[in-house]
Amino acid sequence: TMARLTGLFEELGLERVETFLASGNVVFDGAKSGETGLRKRIEGHLAKALGFEAATFLRSDRELAALVEGCPFSPAEVAGARALNVAFLQEPLGAAAEARLQGLRTELDAFRTAGREVWWLCQAKQSESTFSNAVFEKVLGVKATFRGISTLQRLAARYLEA
């Protein structure tokens, strides 16, 4: 549950822990260590407490604000699409992974990378696409989590104003 997830993050000494929606988005203050160390602490704690691996993707409030404002697709491209999603990665894609990603492009699906994020623009309902998070992870050999742009906009609006 999201209440349990909140508690697990609080056990790590993180402050003002909240979950946003019921999708594993966790917002917190109190990170005293670098991002890689904090990510590893969180992943280790979650694995021990939950009994399974839980890949973690951290972004600061500034990174989230830049992401929401920095869509690499044009307004016309976005207006003509049915879905716009962002994949969060732990590291930017290398050249070989980027080439494999672009090999997934179809008439329905287009991809753009920006740092540690991959933007997916879908021209139809996502259920009509052959692309998915599982396909992404298998073809690129990296862990990722996808969020819809509206969720990210709502997240930014709520927490960047606070």
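Going along each chain's sequence as written, the residues are numbered from 1 onward. Only residues with pLDDT of 70 or above have their local features reported here, since the model is predicted, and side-chain atom pairs are shown and tallied only from 80 upward, although totals for entire chains, interfaces and linings are computed over all residues. Side-chain metrics in this entry use all non-hydrogen atoms of the structure; hydrogen atoms and water are not considered.

Undergrad: Just to check I follow, could you spell out the overall build of the chain for this structure?
TA: Helix and strand definitions here come from DSSP, where helices need a minimum of 4 consecutive H or I residues and strands a minimum of 2 consecutive E residues; each element is numbered from the N-terminal end. Counting its regular elements, the chain contains seven helices and six strands. Rg of the C-alpha trace for the chain: 16 Å, near the compact-globule value of 15 Å for 162 residues, within the 12% margin. Relative accessibility thresholds used throughout: buried, under 20% of the residue-type maximum; exposed, over 50%; partly exposed, between the two (1.4 Å probe, protein chains only). Buried positions account for 38% of the 162 residues belonging to the chain. Whether two residues are in contact is decided by their heavy atoms, any of which lying within 4.5 Å being enough. Here the analysis covers contacts within the chain between residues at least 6 apart in sequence; of these, 59% occur between residues at least 24 apart. Carbon and sulfur atoms form 51% of the exposed surface of the chain, whose accessible area is close to 9100 Å². A radius of gyration in this sense is built from C-alpha atoms; the matching globule rule multiplies 2.2 Å by the number of residues raised to 0.38. Surface accessibility in these figures is a Shrake-Rupley result with a 1.4 Å probe; residues are shielded only by whichever protein chains are displayed.

Undergrad: Would you mind going over the sheet that holds strand β6 (residues 145-148) with me for this structure?
TA: Note on sheets: strands pair through backbone hydrogen bonds, and any given pair is parallel or antiparallel. Ordered by their spatial adjacency, four strands build an open sheet running β4-β5-β3-β6, and the pairing between neighbours is antiparallel. Edge positions in the open sheet fall to β4 (109-114) and β6, since each of these has one partner strand only. When strand polarity is set aside, the average angle formed by the axes of neighbouring strands in this sheet is 25 degrees. Note on pairing: two strands pair once DSSP finds at least 2 bridges between them. Pairing geometry for strand β3 (residues 83-88) and strand β5 (residues 117-122), over six bridges, is antiparallel. Among the inter-strand pairings, N85 is bridged to a residue of β5, identified as W120. Only the stretch in contact is used when fitting a helix axis, every axis being a line fitted to C-alpha atoms; angles between N-to-C directions are given from 0 to 180 degrees.

Undergrad: How should the environment of T113 be read in this particular structure?
TA: When you line up the elements, T113 lands in strand β4. A sequence separation of 56 residues divides T113 from F57, and the C-alpha atoms of the two residues are 16 Å apart. Not counting the four nearest positions on each side in its chain, T113 is found in contact with L93, E98, L101 and V118. Any pair of nitrogen or oxygen atoms within 3.5 Å is treated as a polar contact; in protein, a donor-acceptor pairing is required on top of that, and neighbouring residues in sequence qualify only through side-chain atoms on both sides. Among the polar contacts listed, one links the side chain of T113 to the side chain of E98, at a separation of 3.0 Å.

Undergrad: Quick question: what am I supposed to make of the layout of surface pockets here?
TA: Over the atoms rolls a probe the size of a water molecule, and its path tells where empty space is left. Definitions used for this entry: grid spacing 1 Å over protein atoms alone; cavity, a set of points where a 1.4 Å probe fits but cannot get out; pocket, an open set with protein on both sides within 12 Å along at least 5 of 7 lines; lining residue, one with an atom within 4 Å of a point. Grid points are joined across faces, edges and corners, and a volume is the space filled by probe spheres set on the points. What the largest pocket holds in volume is close to 1200 Å³. Along the wall of the largest pocket there are 42 residues; nearest its centre are V26, V27, F28, F57 and L58. Elements with a minimum of two residues in the lining of the largest pocket: α1 (2-11), β1 (15-20), β2 (25-29), α2 (35-50), α3 (61-69), β6 and α7 (149-160).

Undergrad: Please clarify how α3 should be interpreted in this entry.
TA: Within α3, the full set of buried residues consists of L64, L67 and V68. One side of α3 carries all its buried residues, which in axial view fall inside an arc of 95 degrees. Those residues of α3 that are exposed and angled more than 90 degrees off the buried face are R62, A66 and E69. Tucked inside the fold, the buried residues of α3 contact β3, β5 and α7. Taking the helix axis as origin, the arc is that swept by the directions to the C-beta atoms.

Undergrad: Even after reading the chapter, I still don't get the side chain of R147, so can you show me in this structure?
TA: Of note, R147 is situated in strand β6. Under the convention used here, Asp and Glu are negative, Lys and Arg are positive, and both His and the chain ends fall outside the count. Salt bridge, as used here: a side-chain nitrogen of Lys or Arg that lies within 4 Å of a carboxyl oxygen of Asp or Glu. Of the buried charged residues, R147 lacks a salt bridge, with E137 as the closest side chain of opposite charge at 9.8 Å. Engagement of the side chain of R147 in a polar contact is seen with the side chain of N25, the distance being 2.8 Å. Leave out the neighbours within four places in its chain, and R147 touches S23, G24, N25, N85, V86, F88 and L152.

Undergrad: Can you help me understand the packing of aromatic side chains in this one?
TA: Two numbers describe a pair of aromatic rings. These are the distance of the centres and the angle of the planes. To pair, rings of Phe, Tyr and Trp, with the six-membered ring standing in for Trp, must have centres within 6.5 Å; the planes then decide the type, stacked if under 30 degrees apart, edge-to-face if over 60, and tilted in the middle. In this structure the tally under the stated criterion is seven aromatic pairs. Relative to F136, the ring of F131 lies with its centre 6.2 Å away and its plane at 85 degrees, an arrangement referred to as edge-to-face. The exposure class assigned to F131 is buried, which follows from its relative accessible area of 5%. With relative accessibility at 0%, the residue F136 sits in the buried group. The rings of F111, W120, F131, F136 and F146 are connected pair by pair, giving a single aromatic cluster.

Read these as geometric descriptors, not functional statements.
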